[in-house]
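# Notes for the structure review
So you can see what is in the structure, the chains are spelled out below.
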Amino acid sequence: MEPEEGSEFNFTVEKKITLPDGEYFIILAEYNQKYLLPVKFYDEYNIKTGDNIICKIDKINCNGKVFLEPRHPVYKVGDRDVFTLLEKETRETHKTKDKFVVIKAISDKTKHAIVLDEFNKINTSQGSRFLCEIMKIKKGEVILIPISKT
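Definitions and limits used
- Residues numbered from 1 in each chain as written.
- Predicted model: local features only at pLDDT ≥ 70, side-chain atom pairs only at ≥ 80, totals over all residues.
- Heavy atoms only, no water.
- Helix = DSSP H or I, 4+ residues; strand = E, 2+ residues; numbered from the N terminus.
- Contact = heavy atoms within 4.5 Å.
- Core = buried A, V, L, I, M, F, W, Y, C linked by side-chain atoms within 4.5 Å.
- Buried < 20%, exposed > 50% of the residue type's maximum accessible area, 1.4 Å probe, protein only.
- 1 Å grid on protein atoms, 1.4 Å probe; cavity = no way out; pocket = protein on both sides within 12 Å on 5 of 7 lines; lining within 4 Å.
- Points joined across faces, edges and corners; volume = space filled by probe spheres on them.
- Nonpolar A, V, L, I, M, F, W, Y, C, P; charged D, E, K, R; others polar.

To continue, consider the environment of Gly 140. Along the chain, Gly 140 turns up in the loop between β9 (129-138) and β10 (141-149). Separated by 94 residues in the primary sequence, Gly 140 and Asn 46 place their C-alpha atoms 12 Å from one another. Other than its neighbours up to four places away in sequence, Gly 140 contacts Phe 41, Tyr 42, Tyr 45, Glu 69, His 72 and His 112.

And the structure:
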């Protein structure tokens, strides 16, 4: 069975290892292939050795490297919830080093959420509360579209 982008599979968390660039889970796919999953992005997921998790094949790059995104323990794309918007933060794309702005956000269920500034069509200020829709989840971070102020 070949993994395809967008497909979901069951994985078993075999162990946690430390490499020079950080900590990783070694996870075994149901089709008997092993992958590394960076620990740092998924602290809110409470993943432990022996757990069975479902991951989506988020991307397969031109070198064949497979990028996985475990199912979020609370949210899925399309869900709506109230988030408090915090400070703006400038980030940089990995490949091109282009800069972009995000607004950090939190809810009662996660501390890892952002609104991309390009979606910030409504006037927001730090501490504002908005009903938001989950647009995407990437590297454990919930990416939001603000719908209305609450």
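Resuming the write-up.
With that settled, consider the nonpolar core. Counting 31 residues, the largest nonpolar core has Phe 11, Ile 27, Leu 68 and Leu 144 as its most contacted members. A total of four residues in this core trace back to one element, the largest contributor, which is β9. Setting aside chain neighbours within four positions, we find Leu 144 in contact with Phe 83, Ala 105, Ala 113, Ile 114, Val 115, Leu 116, Cys 132, Glu 133, Ile 134 and Met 135.

This part takes up the layout of surface pockets. Its boundaries defined by the atoms lining it, the largest pocket holds a volume of some 1,400 Å³. If you trace the largest pocket, you find 37 residues lining it, with Phe 41, Phe 67, His 94, Lys 138 and Lys 139 closest to the centre. Elements that contribute at least two residues to the lining of the largest pocket include exactly β2 (22-29), β3 (34-38), β4 (52-60), β5 (66-70), β6 (80-92), β8 (113-116), β9 and β10. Taken together, the residues of the lining of the largest pocket break down into 17 nonpolar, five polar and 15 charged. Contributing to the lining of the second largest pocket are 13 residues, with Glu 8, Arg 71, His 72, Lys 76 and Ile 137 lying nearest its centre. Going through the elements one at a time, β5 and β9 are the ones with two or more residues in the lining of the second largest pocket. Here the lining of the second largest pocket is composed, by residue class, of five nonpolar, one polar and seven charged.

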